[in-house]
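As a plain string of letters, each chain reads:
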Amino acid sequence: QVQLVESGGGLVQAGGSLRLSCVASGRTFSMYTMGWFRQAPGKDREFVLEISWSGSSTYYADSVKGRFTVSRDNAKNTVYLQMNSLKPEDTAVYYCAAKILGAREYAYWGQGTQVTVSS
């Protein structure tokens, strides 16, 4: 079982930056691929990016490439999402998720943190 807690959301002007953090419970954090997803009002949840257990492999949605960066610190059981050049369309609830090595689906989810980008 993994529990995830996100933090760092808030209100920012377009062009600004935010850094989200996700802290995981448990001693096997390094065995999980970590992902970030988001859900805007009235829209389905969408994939944003993910990072492999070692941090050596990352994958980004086209909409955030070049603006968002993911990293992780396995010693701190934490994954980070650095968001730069934010746009109003980035406004959403951002969720951290985890899936065990080899799994196809994300099984564990955080409660989400709100990011609002004003124009």
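Look up: the structure comes first, before these words.
All of these numbers come straight from a predicted model, not from anything done at the bench.

## What about the state of the cysteines?
So, point 1. Scanning the entire structure with this criterion turns up 1 disulfide.
So, point 2. The side chain of cysteine 22 participates in a disulfide bridge whose partner is cysteine 96; the two sulfur atoms lie 2.1 Å from each other. The S-S bond linking cysteine 22 to cysteine 96 shows a torsion near -80°; that makes this disulfide left-handed. On the criterion of sequence distance, the pair formed by cysteine 22 in strand β3 (residues 18–24) and cysteine 96 in strand β9 (residues 92–100) is long-range, its members being 74 residues apart. This pair shows no difference in class: cysteine 22 is buried, exactly as cysteine 96 is.

## Description of a nonpolar patch on the surface
So, point 1. A grouping of Met31, Trp53, Ile100 and Leu101 is seen on the molecular surface, where their side chains present a nonpolar patch of about 360 Å² in accessible area.
So, point 2. Tracing the backbone through its elements, the reader meets leucine 101 in the loop between β9 and β10 (108–109).

## Considerations on the pairing of β9
So, point 1. The element β9 is extensively covered by neighbouring structure, given that 7 of its 9 residues are classed as buried.
So, point 2. Relative to β9, strand β4 (residues 32–39) runs antiparallel, the two being bridged by 8 bridges. Note on β9: the bridge partner recorded for methionine 34 is alanine 98.
So, point 3. In this sheet, strand β11 (residues 113–118) lies alongside β9 in antiparallel orientation, the contact comprising 3 bridges. When the bridges of β11 are listed, tyrosine 94 appears paired with threonine 113.

What counts, and at which threshold
- Residues numbered from 1 in each chain as written.
- Predicted model: local features only at pLDDT ≥ 70, side-chain atom pairs only at ≥ 80, totals over all residues.
- Heavy atoms only, no water.
- Disulfide = S-S within 2.5 Å.
- Helix = DSSP H or I, 4+ residues; strand = E, 2+ residues; numbered from the N terminus.
- Buried < 20%, exposed > 50% of the residue type's maximum accessible area, 1.4 Å probe, protein only.
- Patch = residues over 30% accessible without salt bridge, like charges linked within 9 Å, V, L, I, M, F, W, Y side chains within 5 Å.
- Areas by Shrake-Rupley, 256 points an atom, 1.4 Å probe, with all protein chains shown as cover.
- Salt bridge = Lys/Arg side-chain N within 4 Å of Asp/Glu carboxyl O.
- Pairing = 2+ DSSP bridges.

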